[in-house]
Amino acid sequence: MDKLLLLFGVALLLAACGPITQAPTPIPVPTATLPPTPTATPTATPTPVPTATPVPPVSAPTSGVPGASATADYLLSGVQRASTASSYRVEVSMSGSGSMGAVSLGSPQTPAQVMGMKGDFAEADYRFTLTGFITALYGSNSAKGIHVVHVAGQDYIHGPVAMIGALQDAWYRLPKAHAALASPPLYPAGLLALVAQSGVSPAGFSPTAQEQVDSLTCQRFSGDRAASLAILKSLGDSGLPVDTTPAHIDRIASDLWVCADGYLHQVRLVFAGTTPMEKPLPFDFTIAMHMYDFAADVGIAAPATARDLPAPSVP
């Protein structure tokens with residue numbers, strides 16, 4: 001489950017600049033069948049949230065969106081500034097149809113919401129809400145989704161989450177044994193910092209249109225097939241259980257938006273193809289990320305009425 005929880009690491013976003021190597025075998029996803037009793041305990045070992053050393057921000061252009069001669073520096077500046085933001089808000093979505101590991105989701109006529117995430121991040125603290133298929137992995141079918149807060153090293157989750165015995169409509173303190181449940185599927189700034197340190201090159205991305213995002217004039221950069229495939233490969237390396245083999249990808253496109261405030265604000269990846277099997281498995285997914293309110297006071301605080309999880313029953 002941790003691998004799925006880290007599936008949206010934003011190293012996926014601009015690892016597009018590195019070379020493409022053989023893609024990993026897709027990782028099976030647990031089925032969405034809920035356990036009959038609230039006694040199940042996650043067995044996966046939590047994967048630490050990336051804590052890359054911040055990269056000093058590169059000064060963004062001060063005259064708005066630049067001309068063609070400055071686009072490379074502008075793109076790099078946007079990535080680096082977003083990677084070192086002290087606080088921000090983020091929205092992530094993944095939807096589509098087809099094979100994700102051992103699970104087949106949605107249909108071309110009725111795409112499924114694989115994951116929706118809305119969160120606030122401030123230094124090491126964060127809070128987020130998850131919706132979509134991913135919540136079944138928590139043993140939840142609540143339309144409200146899964147709510148998590150991490151403050152001063154302590155994790156909290158809002159019930160009901162049957163698989164850990166959090167049966168009430170209330171906040172619970174999570175012990176370290178359940179820390180995997182509090183890992184965000186995306187930690188944008190930390191992972192962008194790792195990418196920035198690796199020496200990102202804007203090769204493979206071309207400036208296209210100027211568009212309005214968050215009431216700012218933004219430059220959209222579109223990736224070619226090689227750059228987009230590299231983004232997809234980094235998704236697979238981060239744990240996303242989809243087919244990343246280039247020969248199986250029929251259609252792929254990526255876009256990044258850097259705005260006049262000097263920050264990367266949006267990333268979008270669309271990919272479709274077919275995994276060759278005895279019965280071929282088609283897939284078609286869209287992943288989007290939106291970062292905004294950089295350096296805002298997002299006000300993350302521990303829930304005032306959190307309770308401890310009940311002790312497990314002894315047979």
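Everything numeric in this text was worked out from a predicted model, so none of it was measured.

Engineer: Would you take a moment to explain the overall build of the protein chain for this structure?
Structural biologist: Along the protein chain, the regular secondary structure elements total five helices and 13 strands. Put simply, the protein chain has 315 residues, and 51% of those count as buried. Considering only contacts within the protein chain whose residues lie at least 6 apart along the sequence, 66% involve residues at least 24 apart. Here the protein chain has roughly 13,900 Å² of accessible surface; of this, 56% comes from carbon and sulfur atoms.

Engineer: How do you make sense of the pairing of strand β3 (residues 112-122) when you look at a structure like this?
Structural biologist: Within a regular strand, side chains alternate between the sheet's two faces. Most of β3 sits inside the fold, with eight of its 11 residues counted as buried. In this structure, strand β1 (residues 87-100) lies alongside β3, joined through 10 bridges in antiparallel fashion. Of the residues in β3, the one forming a bridge with serine 95 is glutamine 113. The pairing of β3 with strand β4 (residues 125-131) spans seven bridges and is classified as antiparallel. Looking at the pairing, phenylalanine 121 lines up with tyrosine 126 of β4. Counted between consecutive antiparallel strands, the loop separating β3 from β4 contains two residues, among which glutamate 123 sits at a positive phi close to 55°.

Engineer: What is the right way to read unusual backbone geometry from this model?
Structural biologist: Among all residues save glycine, negative phi is the norm, and among peptide bonds the norm is trans. Residue proline 160 is bonded to the preceding glycine 159 through a cis peptide linkage, with omega at 5°. Along the chain, proline 160 falls in the loop between β6 (154-158) and β7 (171-174). The phi dihedral of glutamate 123 falls on the positive side, at around 55°, and the residue is not glycine. Mapped onto the elements, glutamate 123 comes out in the loop between β3 and β4.

Engineer: Help me out: how do you make sense of the confidence of the model for the protein chain in this one?
Structural biologist: Note that predicted coordinates carrying low pLDDT should not be read in detail. Chain-level pLDDT for the protein chain is 75 on average; 70% of the residues reach the 70-or-more range. Looking at the elements of the protein chain, mean pLDDT is at its lowest for helix α2 (residues 11-14), recorded as 36, and at its highest for β7, recorded as 96.

Engineer: Help me out: how do you make sense of the packing of aromatic side chains in this one?
Structural biologist: Within the structure shown, the criterion is met by seven aromatic pairs. Centroid distance tyrosine 263 to phenylalanine 294: 4.1 Å. Interplanar angle 5°. Geometry classified as stacked. Of this pair, tyrosine 263 sits in the loop between β10 (249-259) and β11 (264-275) while phenylalanine 294 is found in the loop between β12 (281-292) and β13 (307-308), placing the two residues 31 residues apart along the sequence. As far as burial versus exposure is concerned, tyrosine 263 and phenylalanine 294 are alike and both buried. These aromatic residues form a ring-pair network of at least three members: Tyr88, Phe121, Tyr126, Phe128, Tyr263 and Phe294. The side chain of arginine 81 reaches across the aromatic face of tyrosine 263, ending 4.6 Å from its centre.

Engineer: Mind showing me how you'd approach the environment of alanine 295 here?
Structural biologist: You can see alanine 295 is positioned in the loop between β12 and β13. When its relative accessible area of 54% is taken as the criterion, alanine 295 is described as exposed. The sequence separation of alanine 295 and serine 87 amounts to 208 residues, and the corresponding C-alpha distance is 4.8 Å. Contacts of alanine 295, omitting those with residues within four sequence positions, involve Ser86 and Ser87.

What counts, and at which threshold
Residue positions are given per chain, counting from 1 as you read along its sequence in written order. Local features in a predicted model are, by the rule used here, given only for residues with pLDDT of at least 70; side-chain atom pairs are given and counted only at 80 or more, and totals for whole chains, interfaces and linings are based on all residues. Each side-chain value is derived from all of the structure's non-hydrogen atoms; neither hydrogens nor water enter the calculation. To qualify as a helix, a DSSP run of H or I must reach at least 4 residues; to qualify as a strand, a run of E must reach at least 2; elements of each kind are numbered from the N terminus. Exposure classes here rest on a 1.4 Å probe applied to the protein chains alone. A residue is buried below 20% of its type maximum, exposed above 50%, and partly exposed in between. Residues count as neighbours in contact if any of their non-hydrogen atoms are within 4.5 Å of one another. Residue burial considers only the protein chains on display, and all accessible areas are found by Shrake-Rupley using a 1.4 Å probe. Here, any two strands with at least 2 DSSP bridges between them count as paired. The quantity known as pLDDT measures the predictor's confidence residue by residue, on a range of 0 to 100. Here a pair means two rings of Phe, Tyr or Trp (six-membered ring of Trp) with centres within 6.5 Å. Their orientation is stacked below 30 degrees between planes, edge-to-face above 60, and tilted elsewhere. Note on criteria: charge over ring means Lys NZ or Arg CZ within 6 Å of the ring centre, with the direction from the centre no more than 35 degrees off the ring normal.

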